[in-house]
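# Report on the structure
Residue-level listing of the chains:
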Amino acid sequence: MKGITQLQAGEPVDQFLLIKQATKGVTTVGKPFMTLILQDKSGDIEAKLWDTNEEHEQKYQAEVIVRVGGEIHDYRGKNQLRIKQIRVAKPEEGVQIHDLLPSSTTPKEQLFEELTQFFFEIKNPNISRITRYMIKKYQPEILVFPAASKNHHDYASGLLDHVVSMLRLGKAICDLYPTLNKDLIYSGIILHDIGKVKELSGPIATTYTIEGNLLGHISIMVDEIGQAAKELEIDGEEVTILKHIVLSHHGKEEWGSPKKPMIQEAEILHYIDNVDAKMNMLTRALSKTKPGEFTERLFALDNRSFYKPTFE
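- The name recorded for the protein chain in an unreviewed UniProt entry is 3'-5' exoribonuclease YhaM, from Lysinibacillus composti.

Shown next, in the form of structure tokens:
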């Protein structure tokens, strides 16, 4: 059976899906409805449930598995699921949440082993100790957390997938430009998004935590680096530089960076982060697109559609 994101407009749907998110809304004429984000291993899709009531709101919540009948249709250049029938899955049907949870294509243990190899290349003792401390403290979460609730690496072990992919890119760039400090690049990549393990709720039906909404992963991580340095009794300039790399990795204030990059490693890390996030979104969108056709509109890429050439 095709995954929900691999179906084309006009194709019928009759399968089990996991509710990733459920939100209430009201139409212009005052009628209640629900917007459901439904997912299986292939990814997620938006669906509308019309003329809803309190019973629907109680039944169809995040983390609930449902059997859905309907069809795919095109809504403003993006696939949407038109629901015709929906019900909560029965226990005897034997469908588990992990059966419907998107995850990294590479096993998490393999990814973590690769991350560890990069860690061993960090020579500066202060940077090495802080990085080791953070990896050890959050290893269980690093193994399973997504990197986001939507857009890029928004699946189980997505955070680890993102970090390892960035480390590979970082290595290639450091080989090309030897003036870059490898220790700062590798440590910055490993540390920059660890705050996501507090910002996000986890790999199932991912939402933002209260801490995530009020502080954000950048502020959380800067605080964590400060605490680690205090705990390890490290007092060098490295602490300030690592904090700056985390603070500036979104690149611009309007993209959520409290500071713009002011050292070359921070500037490069911002590019590496941006390239990897965008390539992840493009790869996934193009994998669902036939040659000679356009992808759905990608909101995080200026709402553009991308063409898939017919030749290889």
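So much for the structure itself; the text now carries on.
### Overview of the overall build of the protein chain
- Helix and strand counts for the protein chain stand at eleven helices and five strands.
- Compactness check: the protein chain gives a C-alpha radius of gyration of 21 Å against a globular reference of 20 Å for 312 residues, within 12% of the reference.
- Along the longest, intermediate and shortest principal axes, the C-alpha atoms of the protein chain span 60 × 45 × 40 Å.
- Evaluated residue by residue, the protein chain yields a buried proportion of 46% over its 312 residues.
- In the protein chain, the proportion of contacts linking residues at least 24 apart, taken out of those at least 6 apart, comes to 56%.
- For the protein chain, the exposed area adds up to about 16,400 Å²; of that, 52% sits on carbon and sulfur atoms.
- Across the protein chain, 38 positive and 44 negative side-chain charges occur, with their mean positions spaced 3 Å apart.

### Concerning the packing of aromatic side chains
- Taken as a whole, this structure holds four aromatic pairs when the rule is applied.
- Ring centres of Phe119 and Phe120 lie 5.7 Å apart, and the angle between their planes is 55°; this geometry places the pair in the tilted category.
- We note Arg67 situated over the ring of Phe16; from NZ or CZ to the ring centre the distance is 4.8 Å.

### Observations concerning the nonpolar core
- Within the largest apolar cluster, 50 residues are counted, with the highest numbers of intra-cluster contacts made by Ile130 and Ile194.
- Breaking this core down by element, the ones donating at least two residues are helix 2 (108-119), helix 3 (125-137), helix 4 (139-144), helix 5 (158-176), helix 6 (182-192), helix 9 (216-231), helix 10 (237-248) and helix 11 (264-287).
- Here this core takes eight residues from helix 5, the largest share from any one element.
- Among residues more than four places away in sequence, those in contact with Ile194 are Met134, Tyr138, Ile142 and Met221.
- Formed by 19 residues, the second largest nonpolar core is a distinct cluster that contains Leu7, Val13, Leu49 and Leu81.

Thresholds, definitions, all that
- Residues numbered from 1 in each chain as written.
- Predicted model: local features only at pLDDT ≥ 70, side-chain atom pairs only at ≥ 80, totals over all residues.
- Heavy atoms only, no water.
- Helix = DSSP H or I, 4+ residues; strand = E, 2+ residues; numbered from the N terminus.
- Rg over C-alpha atoms; globule rule 2.2 N^0.38 Å.
- Buried < 20%, exposed > 50% of the residue type's maximum accessible area, 1.4 Å probe, protein only.
- Contact = heavy atoms within 4.5 Å.
- Areas by Shrake-Rupley, 256 points an atom, 1.4 Å probe, with all protein chains shown as cover.
- Lys, Arg positive; Asp, Glu negative; His and termini not counted.
- Charge placed at Lys NZ, Arg CZ, Asp CG, Glu CD.
- Phe/Tyr/Trp six-rings, centres within 6.5 Å; stacked < 30°, edge-to-face > 60°.
- Lys NZ or Arg CZ within 6 Å of the ring centre and 35° of its normal.
- Core = buried A, V, L, I, M, F, W, Y, C linked by side-chain atoms within 4.5 Å.

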